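So the chains spell out like this:
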Number of protein chains: 2
Amino acid sequence: MTKLSPLQKERLKYQPKLPQSLENGVNSLEMIKGKATQSVGDQHEIKKLFPNTYGKPTVEFKTSSSSKKSEARNVGVILSGGQAPGGHNVIAGLYDALKHSNPDSKLYGFLGGPSGIIDGKYVEFDDEFIDAYRNTGGFDIIGSGRTKLETEEQFQKSLAVCKKLNISAVVIIGGDDSNTNAAMLAEWFVKHDAGIQVIGCPKTIDGDLKNDQIEISFGFDTATKTYAELIGNIQRDANSAKKYWHFIKIMGRSASHVALEAALQTQPNITLISEEVQAKKMSLSSIIDYIVNIIVKRADQGKNFGIAIIPEGLIEFIPEMGSMISNLNDIMATLESDPDFLNAETIRQKFEIVENRLDEKNAKVYSSLPALIKGQLLADRDPHGNVQVSKIETEKLIIEMVANKLDDMKLQGDFIGKFSPQSHFFGYEGRCAFPSNFDADYCYSLGYNAYALISNGLTGYLSSVKNLTAPASEWKAGGVPLTMMMNMEKRHGEMKPVIKKALVELDGPVFKQLADNREDWAMNDRYLFPGAIQYFGPSSVCDITTVTLQLEHQKQPAAV
Amino acid sequence: MTKLSPLQKERLKYQPKLPQSLENGVNSLEMIKGKATQSVGDQHEIKKLFPNTYGKPTVEFKTSSSSKKSEARNVGVILSGGQAPGGHNVIAGLYDALKHSNPDSKLYGFLGGPSGIIDGKYVEFDDEFIDAYRNTGGFDIIGSGRTKLETEEQFQKSLAVCKKLNISAVVIIGGDDSNTNAAMLAEWFVKHDAGIQVIGCPKTIDGDLKNDQIEISFGFDTATKTYAELIGNIQRDANSAKKYWHFIKIMGRSASHVALEAALQTQPNITLISEEVQAKKMSLSSIIDYIVNIIVKRADQGKNFGIAIIPEGLIEFIPEMGSMISNLNDIMATLESDPDFLNAETIRQKFEIVENRLDEKNAKVYSSLPALIKGQLLADRDPHGNVQVSKIETEKLIIEMVANKLDDMKLQGDFIGKFSPQSHFFGYEGRCAFPSNFDADYCYSLGYNAYALISNGLTGYLSSVKNLTAPASEWKAGGVPLTMMMNMEKRHGEMKPVIKKALVELDGPVFKQLADNREDWAMNDRYLFPGAIQYFGPSSVCDITTVTLQLEHQKQPAAV
């Protein structure tokens, strides 16, 4: 028998909550159609690209007094992209809805992400299989992958695999890119009269897949709570030892939602928000000045410790850095065929060659960086040959530049404190945590609801569960046309239809909560200690979702 | 009003459990004396150094049917050394016992560690003060510090401060060094007829303060559970994405108890144990070979991912590295007055100078290291001018050497997989977590019991609570003479009386659990996912202490 941790044993027994409308099962639903929809931008182009799936209405489900019989259906499910807590529950919810509707229905899981549907690699789920994964973290139930479903050949192969398995609906669990692919696949299937529906589910810990229709992507709640636990613990340590400045970089890709949410849960001394840096066109040195100013003022009060939160994507949002990286990407190919560069004896000689090749302004920025970062900018390249910004140790870049500045100030007598930095990067720690009760419930509902959309014959829709700061029974289940969330954006030089990513809104209530308080948090220690995610116990501790969502719903969060 | 996180609000209400013998308060206790004791080693020297406190009996408390009246006492308490979850509860337990015995008694907290008693910096606790810290992590209630209490002048000053405050007992909460200091202070107070008792409490997340008399030091349970949570989450991520090898260094000083406990809770592919490396006289290259062998065999099975746990102190336990570091410490002073070294233009020139100065064998070891590590060995020095081993990024050293070896094997066709490493270091994340129910109860009991020892007139004792794998009501409270745990060891060239540190016993049941299973864990993925510490809910999840302690008590742990 497989050994399980005590928590896992208990979590397997947890029965996720459903919106009341779904509680009687998919066969007892009435579907209420809203008005026809438009894409958020570039309506003309999007409509042209999605002639068969564009403009459909949003829908909402209500419990129906009558119950219809449901035919047996075969459905396939795909996990796409990076892990997010709750993915297993989406599949469990989908499975339960499908089996409850008709026990002869079958659910297939495609293995290793979208490549599974292309290559025909799959498993069929049964009760025992699903039961082992209920309320667990990770995507290990069928694995995930980053293959993009977008070429004619891939669509053809997917069709063949679905036909072979008699699959008439596919659920794609993924982020903005994966759901864009879901929209394309849905359109293609309709165009080719394949009789296969496609439904998306909104996944990403990054929190950037949200809009008027999607309140939150799943996994954001659990991941941010895990990071907040760690930040809180480190704050308590800093406030006890009183000798370290901790610089904590937090995963979350381009947008700063994760860093912002973690900061609102913990109230650290410094929080950088990439979107603000970009909007204010802050230079790297002005960011360093902002940090140094707080360190010096705290040192004047005898406090040689503190916490600074840095969003993963920061570096690209600093205009001068973005420009330099873009210039670096342009010259990289020629550099790599330059014998002087290739045969350079020391890394410093390489730096010099790079500086000579970059435009003057960009060369100055590159030259100002610590050697560690100069090296990292040359080291890892993505498959397109571009600098891998996520590999840059921004937290160490900032530490080194802050330390240098403080050293200078010390010589001038302007800094009389001590600066002992520690760096941290949190990402993998939160992507596969056991889903919080919120994510467990939300994901189960998303999966259950996905089958309601299938059962009602829809395609090209995203599973939507809303009103999420209310108790689960009051949640509203329905669907949103994927095309409704799309616009045209440049990708690798070409205009493409994509689901619009949400960045932190600088005029929104969430950022405002930070902006209104950060001066106080910088100097006075208002640290909050969220502690570990709790699955049992008082509802105030176990069932509350993110500060971000509460503020967006204009509620006063419990801890803020 | 101070804002608190939802969990903190709930945890403030938690009433820690006490051993039954203490439940009726300190006034209703009978003290049972055991036999006279001996120190664990060097009896003659220890007895000579502690003529007044040596050889005392162990004691145990039983509930007495009669209740005596307790005079009002003033007591001082000190937090010493690194943070460990539960320190606040030791103070809360001590406070409650003291106030319950006689409401006129007073508890003073010395600020910032042992320097507080020397410099007379203190606070007086009252209900409101204590209530705000119940069941919270951190040492921020009064701060901690690393000043050693060992000189005549320090003892004199401490005496003066205690006299001023009419303090007749001091409780020192600390690790092996701090309790050694407690023993010295106790002896000094008796010798000078000061009428001040000294009681120690066993604190350290490192788990190396344990012996026949102390089953576990407080904080070890919570810290290892926090690290295990993170390792488990990363394992689930690795097993989902199937593309990264995670190398995770874990805090814990010299001994590998923390790494071993975290490994038993999570069952990773690779766990290094410093004590084994030393016992088997393993070279760095043989450690690399061990890791590479597992990576290659897993890659042959198509598994290009895995988890390796590295104890913080590893590097010193590799005989050749220990020798090289010791040689480096010896030459460092002369290096720093060598103009060639000081004026070297590049760090590589410095490396060469170091290699020329080191003994041949040590030079070879130094030369074999990656540049990053060579640099770190020269960079940070402790106050004695020695290499700061804790600052060496062992996890990155291992990654680089493993990667180099795999590159060579790839060229030979002996490795056909991919190696994408990620490094992590966990330490500060666990030292200030909210104490687990176990640590909350254990610490409260240790503090409560400390006052029982005081009330019974003892000095030079460690507060002892045993039988810890049983329910708290069955725990056994008592005291152990501090001298009983001491022997003589060389410190900075001099023989000193110290409390003997516990290293991992290679013939003990805890290491055996790893040794018996690691081959299986290496190849087959037996990952356990402990999840976040739970404070509410099923007892199987919330009230179980470490695998280490269960195995030491010859119990079959729940999850192993």
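One structure accompanies this document, and this report is about it. If you're wondering where the values come from, they're calculated on a predicted model, not measured in any experiment.

Regarding the overall build of chain A
Secondary structure assignment for chain A yields 22 helices and 15 strands. Since a compact globule built from 560 residues should have a radius of gyration of about 24 Å, the 25 Å found for chain A is in line with a globular shape. With the C-alpha coordinates of chain A rotated into their principal frame, the extents come out at 80 × 60 × 50 Å. A burial count over chain A gives 63% of its 560 residues as buried. When contacts within chain A are restricted to residue pairs at least 6 apart in sequence, long-range pairs at least 24 apart make up 78% of them. Summed over all atoms, the accessible surface of chain A reaches about 21,200 Å², with 47% contributed by carbon and sulfur. Treating the 61 positive side-chain charges of chain A as one cloud and the 69 negative ones as another, the clouds have centres 3 Å apart.

Re the packing of aromatic side chains
A complete count under the given rule lists 28 aromatic pairs over all chains for this structure. Centroid distance Trp245 of chain A to Phe247 of chain A: 6.1 Å. Interplanar angle 35 degrees. Geometry classified as tilted. The pair formed by Trp245 of chain A and Phe247 of chain A is uniform in burial state, with each residue classed as buried. Aromatic side chains Tyr444 of chain B and Tyr448 of chain B sit 6.1 Å apart centroid to centroid with 40 degrees between the ring planes, which places their arrangement in the tilted category. Remark: Tyr448 of chain B and Tyr444 of chain B occur in helix α19 (residues 437-455); sequence separation between them is 4 residues, near one turn of the helix. Of the residues examined, Tyr444 of chain B reaches a relative accessible area of 4% and is grouped as buried. Under the relative-accessibility criterion, Tyr448 of chain B is labelled buried at 5%. Seen from the ring of Phe425 of chain A, Lys249 of chain A lies directly overhead, with NZ or CZ sitting 4.7 Å from the centre.

Observations regarding the relation of the copies chain B and chain A
Once chain B has been moved 0.0 Å along the axis and rotated by 180 degrees, it coincides with chain A to within an RMSD of 0.1 Å. The transformation just described matches what one would write down for a two-fold rotation axis. Comparing interface residues between copies, 100% of those in chain B also sit at the interface in chain A, which points to an isologous, same-surface contact.

Quick word on the pattern of salt bridges
All names here are of chain A. Taken as a whole, this structure holds 52 salt bridges over all chains when the rule is applied. Between Arg134 and Asp96 there is a salt bridge whose closest N-O contact spans 2.9 Å. Of this pair, Arg134 sits in the loop between α5 (127-131) and α6 (152-165) while Asp96 sits in helix α3 (residues 87-101); the two residues are 38 residues apart in sequence, bridging distant segments of the chain. Sharing partners across several salt bridges, the network here consists of Lys148, Asp177, Glu489 and Arg491.

Concerning the side chain of Asp140 of chain A
Assignment of secondary structure puts Asp140 of chain A in the loop between α5 and α6. When its relative accessible area of 13% is taken as the criterion, Asp140 of chain A is described as buried. A polar contact is formed between the side chain of Asp140 of chain A and the side chain of Arg236 of chain B, at a distance of 3.0 Å. Every residue in contact with Asp140 of chain A, bar those within four places of it in the chain, is listed here: His88 and Tyr133 of chain A together with Arg236, Asn239 and Ser240 of chain B.

Considerations on the packing of helix α13 (residues 319-335) of chain A against helix α15 (residues 347-357) of chain A
All names here are of chain A. The N-to-C vectors of α13 and α15 enclose an angle of 120 degrees; their axes lie 11 Å apart at closest approach. Comparing their axes, α15 and α13 come out oblique. Note that α13 runs across α15; the crossing there is right-handed. Contacts between α13 and α15 involve Leu328, Ile331, Thr334 and Leu335 from the first element and Ile353, Val354 and Arg357 from the second. A class-by-class count of the residues in the contact of α13 with α15 yields 5 nonpolar, 1 polar and 1 charged.

Thoughts on unusual backbone geometry
All names here are of chain A. With a phi close to 55 degrees, Lys242 is a non-glycine residue in the positive phi region. As for its position among the elements, Lys242 is in the loop between α8 (220-241) and β8 (245-250). In the Ramachandran plot, Gln267 falls in the positive-phi region, its phi being about 60 degrees despite a non-glycine side chain. Among the secondary structure elements, Gln267 is positioned in the loop between α9 (257-266) and β9 (270-271). On the basis of relative accessible area, Gln267 is assigned to the buried category, the value being 2%.

Quick notes on the interface of chain B and chain A
Contacts between the two partners involve 60 residues from chain B, matched on the other side by 60 residues from chain A. Both sides of the chain B and chain A interface together cover about 4,800 Å² of buried area, and 53% of this is carbon and sulfur. When the buried area of chain B at its contact with chain A is split by residue, Lys3, Arg236 and Tyr428 of chain B rank highest and sum to 15% of it. Applying the counting criterion to the chain B and chain A interface returns 6 salt bridges. Note that Glu393 of chain B is salt-bridged to Lys396 of chain A, the shortest N-O span being 3.6 Å. Elements represented by at least two residues in the side of chain B that touches chain A include exactly α1 (6-12), α8 (220-241), β11 (421-426) and α21 (539-542) of chain B. The greatest single-element share of the side of chain B that touches chain A, amounting to 10 residues, is contributed by α8 of chain B. A breakdown of the residues in the side of chain B that touches chain A according to their chemical character gives 26 nonpolar, 21 polar and 13 charged.

Parameters and conventions
Residues numbered from 1 in each chain as written. Chains lettered and ligands numbered in written order. Predicted model: local features only at pLDDT ≥ 70, side-chain atom pairs only at ≥ 80, totals over all residues. Heavy atoms only, no water. Helix = DSSP H or I, 4+ residues; strand = E, 2+ residues; numbered from the N terminus. Rg over C-alpha atoms; globule rule 2.2 N^0.38 Å. Buried < 20%, exposed > 50% of the residue type's maximum accessible area, 1.4 Å probe, protein only. Contact = heavy atoms within 4.5 Å. Areas by Shrake-Rupley, 256 points an atom, 1.4 Å probe, with all protein chains shown as cover. Lys, Arg positive; Asp, Glu negative; His and termini not counted. Charge placed at Lys NZ, Arg CZ, Asp CG, Glu CD. Phe/Tyr/Trp six-rings, centres within 6.5 Å; stacked < 30°, edge-to-face > 60°. Lys NZ or Arg CZ within 6 Å of the ring centre and 35° of its normal. Least-squares fit on C-alpha atoms with pLDDT ≥ 70 in both. Salt bridge = Lys/Arg side-chain N within 4 Å of Asp/Glu carboxyl O. Polar contact = N/O pair within 3.5 Å; in protein donor to acceptor, adjacent residues only side chain to side chain. Axes fitted to C-alpha atoms, helices over the stretch in contact; angles between N-to-C directions. Parallel < 35°, antiparallel > 145°, perpendicular 65-115°, else oblique. Left-handed = near helix turned anticlockwise from the far one by under 90°. Nonpolar A, V, L, I, M, F, W, Y, C, P; charged D, E, K, R; others polar. Buried area = accessible area lost by both parts, 1.4 Å probe.

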